[in-house]
Amino acid sequence: MPNRPPILQLEDVRYRWPGRTSFGLNVPMLSVSAGETVLLLGESGSGKSTLLSLICGTTLATSGRVCVGDHDIAQLSAGKRDQFRAEQIGLIFQQFNLLPFASVQDNILLPLEFAPKRRKCVFNSEVEATRLCRDLGLPEGVMTSRAGSLSVGQQQRVAAARALIGTPPLITADEPTSSLDAATQATFLELLFAQSRAHGTAILMVSHDARLSSQFDRVIHMADIALTERGTL
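Quick caveat, the model's predicted, so the values are computed rather than measured. (Residues numbered from 1 in each chain as written. Predicted model: local features only at pLDDT ≥ 70, side-chain atom pairs only at ≥ 80, totals over all residues. Heavy atoms only, no water.)

> Outline the pairing of strand β3 (residues 37-41), listing residues and values.
In terms of burial, β3 is largely enclosed, as five of its five residues are buried. Here β3 shows two buried faces, one formed by T37, L39 and L41 and the other by V38 and L40. Across five bridges, β3 lies against strand β8 (residues 202-207) in parallel orientation. Pairing of L39 across the sheet is with M205, part of β8. Sheet analysis places β3 next to strand β9 (residues 218-221), joined by four bridges and oriented parallel. Along β9, the bridge assignment pairs L39 with V219. (Buried < 20%, exposed > 50% of the residue type's maximum accessible area, 1.4 Å probe, protein only. Helix = DSSP H or I, 4+ residues; strand = E, 2+ residues; numbered from the N terminus. Pairing = 2+ DSSP bridges.)

> Go over the packing of helix α5 (residues 125-135) against helix α7 (residues 182-199), please, and point to the residues and values.
Packing of α5 against α7 brings their axes to within 10 Å, and their N-to-C directions diverge by 130 degrees. With respect to each other, α5 and α7 are oriented oblique. Facing α5, whose interface residues are R131, L132 and D135, α7 presents L191, Q195 and H199. Class assignment of the residues belonging to the contact of α5 with α7 gives a composition of two nonpolar, two polar and two charged. (Axes fitted to C-alpha atoms, helices over the stretch in contact; angles between N-to-C directions. Parallel < 35°, antiparallel > 145°, perpendicular 65-115°, else oblique. Contact = heavy atoms within 4.5 Å. Nonpolar A, V, L, I, M, F, W, Y, C, P; charged D, E, K, R; others polar.)

> Can you tell me about helix α2 (residues 78-88), naming the residues and giving the values?
The α-helix advances 3.6 residues per turn, and as a result positions three or four apart in sequence lie on the same side. Within α2 the residues assigned to the buried category are R81, F84, R85, A86 and E87. Packing partners of the buried residues in α2 comprise α1 (48-56), β4 (63-68), β5 (71-72), β6 (89-92) and α4 (116-120).

Shape is all these values report; function is a separate question.
Right, dumping it as structure tokens:
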């Protein structure tokens, strides 16, 4: 995107599974600008989830640089990587990873417990959580409901609100629409992108579904940026 600095940069990144030196992932270059929405397309086994784990610092590259903002993740200790991830990256998991017996409000506010800088961006956390729920199309009064009692589509939106609260500069999403029908997918992405535009948050979403392509600023194919051994990642 013109005139916007990169929020994510990968340079000459290589990863090899321990004990499997002939198999791995090689990404010469990948960049995402601040506020950009990017769809990363690839078949199962193409390394999409491995790449997300490298970006989030839950897995470290064998070599190369993974930078979020101005920080090279490999230069941080394990504890500082956890803190950095909590502050800088909102995560939307494929299975949402909500606490089923906790309330919607408690699920949304959970990241702020581990991210004091992100927490300072929220003047009133309960008001902000309520606003996100409303803007993401959740019903009034949902804040006190148990997360596990909601429909799949509603749980997905709670997971998005949890990722968005405190306006982290980057959102990563791992196949979050895979269990939804086309109409619900489109509605969810429209709502998610509205929040991205409002707060300048970049979104990197991985999927195997090329039908989503038209809704993103840019589409990247794993086959164009990464070299892998099929079926090993």
